[in-house]
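Close look at the chain arrangement
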Amino acid sequence: MSRIVMAAAIRGARAFVEEAEAKFAEAMESKGGDAPIAFPDTAFQLPMIHALMGLEVTRLGQLKAVLAHCRELVPAEPTEHLWLPYLGDGLDAGVATMLALEVTCAIRYLHNEPIEEGFNGFITDTILRELGIQLVDGRMPGFAAILGPAPTEEIAVHVIRELQKRSILIFLMDNRDGLSMKDQLDAQKVEMGWETYIVPVGRDIQSSIYVLNWAMRSALTFGGHRRGEWAKCLKYTKARIFAFGITFGPIPDPWYAVGAGAIVMGFPVISDHPSTPEVRPSGVTTFESLVRQTDPEQIVPTCISVRGVRVKVEEVDIPVSYSPAFEGERVRKEDMHVQFGGKYSKAVELLESVELDEITDGQITVEGKDIDTIEEGGALDLGIHVLVAGRKMRKDFEGIFERQFHRWCNGAMGFMHTGQRELIWCRVSKQAYASGFRLEHIGTILHAKLHDEFGGLVDKVACRVTTEAAGVQALLDHAVPVNKARDDRVAGMTDESVDTFYSCTLCQSFAPNHVCVITPERLGLCGAYNWLDGQAAYEINPTGPNQPIVRGRCIDERTGEWDNVNQFVYKHSNRTIERFSAYSLLENPMTSCGCFECIVAIVPEANGVMVVNREYTGPTPIGMPFSTLAGSVGGGAQTPGFVGVGRLYLLSKKFIRAEGGLARLVWMPKGLKEALRDRLEKRAAEEGLEGLMDKIGDETVATTGEELVEFLTKVEHPAMAMAMMF
Ligand code: SF4
């Protein structure tokens, strides 16, 4: 801890102890040692003393021992020339401050000193029961204790609104030259009270103990810790109460002393003043202890980040209803105002993580035409680029967060989102458009939901939505290698190298019986979730849609069937799918939702299979284009002979292994073939199928079954010589 900070905290603590001693001596004289002493409506007498010293103080005279302990705790002030490890002394000064302040304020109640109108004073156990539970279970993300007035009323209102927006409870204490932040908010007609989450506690610094001992009671009440279990109580407040202090202006000694107390409890302090020295080492607090942030705009984001507050944005502030109930809603062509992607235009979405100082939380920008500038029924290119930052954010979470866009966007009534990555297709209904839904609201949804569901990992979210052709193309060019790198992470892993697979039931909002079983060698059929994503997603949300499946006893190695996997799929497919094979197209294949990148379909006359990808809209040898096939394969059904897959599954050694694997691949659109050519050639060579790529038909050589058989015979495709598929 900085020598300047510690010296100030010690001076402040000493002054508080002296004040408490004087008040105590005067009260002993006037009331006597047997005078009852208590705060109103609490079961914990003087809570800080109860928790830290284990004393049940009910009589004035008992405070003598508390003050003696305070004296022991207050260390000598460091001299200019003596360099010591300061942290322990600084924290002792903080503890002495909290104990001494509790003595002083308890004596105030003994004397029935009135609480100034508009201020709260001691915070009762009733309030603790009402709000404390929200604090510890995360519904209320945290609380802010603000010392002093802001430099201007505008800054005061701005900071307060930013905290309110995040549902953070605010306590106001102390004044500077008589002016408190409460006065500033009164002047700006800001409504205060428990209902608005703004609670003026007291006009002086002593009243800060009411906030600290309120927080301490959470450890006693909800943490179940007993009096005197000081280490457990402090650990609890650090881990469970996401509180922080904000100071405005130069910090006087008493504030440093109170701040040291807050730090003991794990609550960092953020100062707006350039003269404040920072205390950056973490340990006592989760991250830094004392941080300077001189930009008023950045004060609240800094607090969120320094305390690691899990922010909740309660409402998705868009002009249409928002609820998971709309997730399965479709926007039909005749109800549509505008669409993006699919076969009508280019559309891409991407989420990436950046450093905390690179983005501003809540910044949403729209580039290009908005949807009110195009004719009803039209199509626009669309690029959605979301940047997130957070101290606990990891690169391998990016794909997981991005895959939630589908579910989150669909929560908006009249906005339909399907697909993923560079293959999204979205529609806005006429009704949503008429209600005022515009492109910026995509950003509003993603900002709110990222904070809501991943607030523990994400501190800041910024979103850019573009419809400019060049901007969309640039994002596409950027996204392709990013996604390839995500896919490549799992390369080299085999199913045999793990005993646990992961489920994904994210798409059950559209296909209630669908379960993806993700193995190292078979990614989710949307192509956006591989085994490592499933593992990381489970780590983030252990009760979420990605659950580990310890595969258990192998029933059939050839088809990839295990007893535990069967049980899991049965249970999670609403008891509709009894058996599941990971490596077979014909025997109990995986169900298909609607998000698949490609469909694998049997071509009986060619003794093989074709693969058709979503982007290909032309004819196929089985007489159905992708859209018709998708209609009959999707919806969560198990359809032997047809299965939705992620395109990278074609490169897997487990690709329809039960039916003979890659050698069965007889037709695929040229675009897909070229996109995968190098990697498919390598895989074919591994199987001893050199030259296979040139033997696989495409739309340039065959669009009917007969044409395909003729071609395959001519090039001597290996499938023609294989055993009959059935
Ligand atoms: S397609 Fe499968 S892996 Fe992808 S999001 Fe849906 S359920 Fe999850």
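Please refer to the structure placed before this passage.
These notes cover the structure that comes with them.

Calculation criteria
Residues numbered from 1 in each chain as written. Predicted model: local features only at pLDDT ≥ 70, side-chain atom pairs only at ≥ 80, totals over all residues. Heavy atoms only, no water. Helix = DSSP H or I, 4+ residues; strand = E, 2+ residues; numbered from the N terminus. Lys, Arg positive; Asp, Glu negative; His and termini not counted. Charge placed at Lys NZ, Arg CZ, Asp CG, Glu CD. Pairing = 2+ DSSP bridges. Axes fitted to C-alpha atoms, helices over the stretch in contact; angles between N-to-C directions. Salt bridge = Lys/Arg side-chain N within 4 Å of Asp/Glu carboxyl O. Buried < 20%, exposed > 50% of the residue type's maximum accessible area, 1.4 Å probe, protein only. Parallel < 35°, antiparallel > 145°, perpendicular 65-115°, else oblique. Left-handed = near helix turned anticlockwise from the far one by under 90°. Contact = heavy atoms within 4.5 Å. Nonpolar A, V, L, I, M, F, W, Y, C, P; charged D, E, K, R; others polar. 1 Å grid on protein atoms, 1.4 Å probe; cavity = no way out; pocket = protein on both sides within 12 Å on 5 of 7 lines; lining within 4 Å. Points joined across faces, edges and corners; volume = space filled by probe spheres on them. Phe/Tyr/Trp six-rings, centres within 6.5 Å; stacked < 30°, edge-to-face > 60°. Lys NZ or Arg CZ within 6 Å of the ring centre and 35° of its normal.

**Thoughts on the overall build of the chain**
- Within the chain one finds 21 helices and 23 strands.
- In the chain, the 73 positive side-chain charges and the 97 negative ones have mean positions that sit 4 Å from each other.

**Regarding the sheet that holds strand β16 (residues 516-518)**
- Across the sheet, three strands lie side by side as β16-β15-β17; this open sheet has antiparallel pairing. A strand with exactly one partner marks an edge of an open sheet, and here the two such strands are β16 and β17 (548-550). Within this sheet the neighbouring strands show an average axis-to-axis angle of 35 degrees, counted without direction.
- Looking at chain direction, strand β15 (residues 500-504) and β17 are connected through three bridges and run antiparallel.

**Some words on the pattern of salt bridges**
- Overall, the coordinates contain 40 salt bridges when judged by the stated rule.
- A salt bridge links E229 to K232; the shortest N-O distance between them is 3.7 Å.
- Ionic pairing is found between E561 and R579, a salt bridge with its closest N-O pair at 2.6 Å. With E561 in strand β19 (residues 561-562) and R579 in the loop between α18 (563-572) and β20 (598-603), this pair connects stretches of sequence that are 18 residues apart.
- Here E561 falls in the buried class, since its relative accessible area comes to 2%.
- Under the relative-accessibility criterion, R579 is labelled partly exposed at 41%.
- Connected through shared salt-bridge partners, K670, E674, R677, E681 and D694 make up one network.

**Here we look at the packing of helix α8 (residues 208-221) against helix α9 (residues 230-240)**
- At a closest axis distance of 9 Å, the pairing of α8 and α9 adopts a crossing angle of 110 degrees. Comparing the axis directions of α8 and α9 gives the class roughly perpendicular. Read as a crossing pair, α8 and α9 show a hand that is right-handed. Contacts from A215, M216, S218, A219 and L220 in α8 reach C233, L234, Y236 and T237 in α9.
- Each residue belonging to the contact of α8 with α9 can be placed in one class, and the counts come to seven nonpolar, two polar and no charged.

**As for empty space enclosed by the protein**
- Taken as a whole, this structure holds five cavities of 30 Å³ or more when the rule is applied.
- In this structure, the largest cavity spans a volume of roughly 250 Å³.
- Considering the residues around the largest cavity, the lining is formed by 26 residues, among which G245, V258, G259, A262 and V269 are closest to the centre.
- Considering each element in turn, the lining of the largest cavity owes the most residues, seven residues, to helix α10 (residues 253-264).
- A breakdown of the residues in the lining of the largest cavity according to their chemical character gives 22 nonpolar, four polar and no charged.
- Considering only enclosed or pocket space, the second largest cavity measures out at about 80 Å³ in volume.
- Residue lining of the second largest cavity: R403, C504, L506, C507, C516, I518, G524, L525, C526, Y529 and C593, and that is the complete set.
- Partitioned by chemical class, the residues of the lining of the second largest cavity number nine nonpolar, one polar and one charged.

**Side note on the sheet that holds strand β2 (residues 169-173)**
- Across the sheet, which stays open at both edges, the six strands sit in the order β3-β2-β1-β4-β5-β6 with parallel pairing between neighbours. The outermost strands of the open sheet, each flanked by one partner alone, are β3 (198-202) and β6 (290-292). Taken pair by pair, the neighbouring strands of this sheet meet at an average axis angle of 25 degrees, ignoring direction.
- Sheet topology places strand β5 (residues 269-271) next to β6; three bridges connect them, and they run parallel. Bridge pairing in β6 places I270 opposite V291.
- Running over the sheet, helix α6 (residues 153-165) touches β1 (143-147), β2, β3 and β4 (243-247) and is turned about 150 degrees from β2.

**Thoughts on the packing of aromatic side chains**
- According to the stated counting rule, one finds 23 aromatic pairs in the structure shown.
- When the centroid spacing of 6.3 Å and the interplanar angle of 35 degrees are considered together, the rings of Y344 and W425 count as tilted. Highlighted residues: Y344 in the loop between β7 (336-341) and β8 (347-353) and W425 in strand β13 (residues 425-429), separated in sequence by 81 residues.
- On the basis of relative accessibility, which here comes to 36%, the residue Y344 falls in the partly exposed class.
- Ring plane angle 35 degrees and centroid distance 6.4 Å describe the contact between F405 and W408, whose orientation is recorded as tilted. Linking F405 with W408, this pair stays in helix α13 (residues 405-410), spanning three residues, or about one helical turn.
- Through pairs of rings, three or more aromatic residues link up here, namely F143, F171, W194, W214 and F267.
- Above the plane of the ring of F119 lies K182, whose end atom (NZ or CZ) is 5.5 Å from the centre.
- Over the ring of Y649 we find R522; its NZ or CZ atom is 4.5 Å from the centre of that ring.

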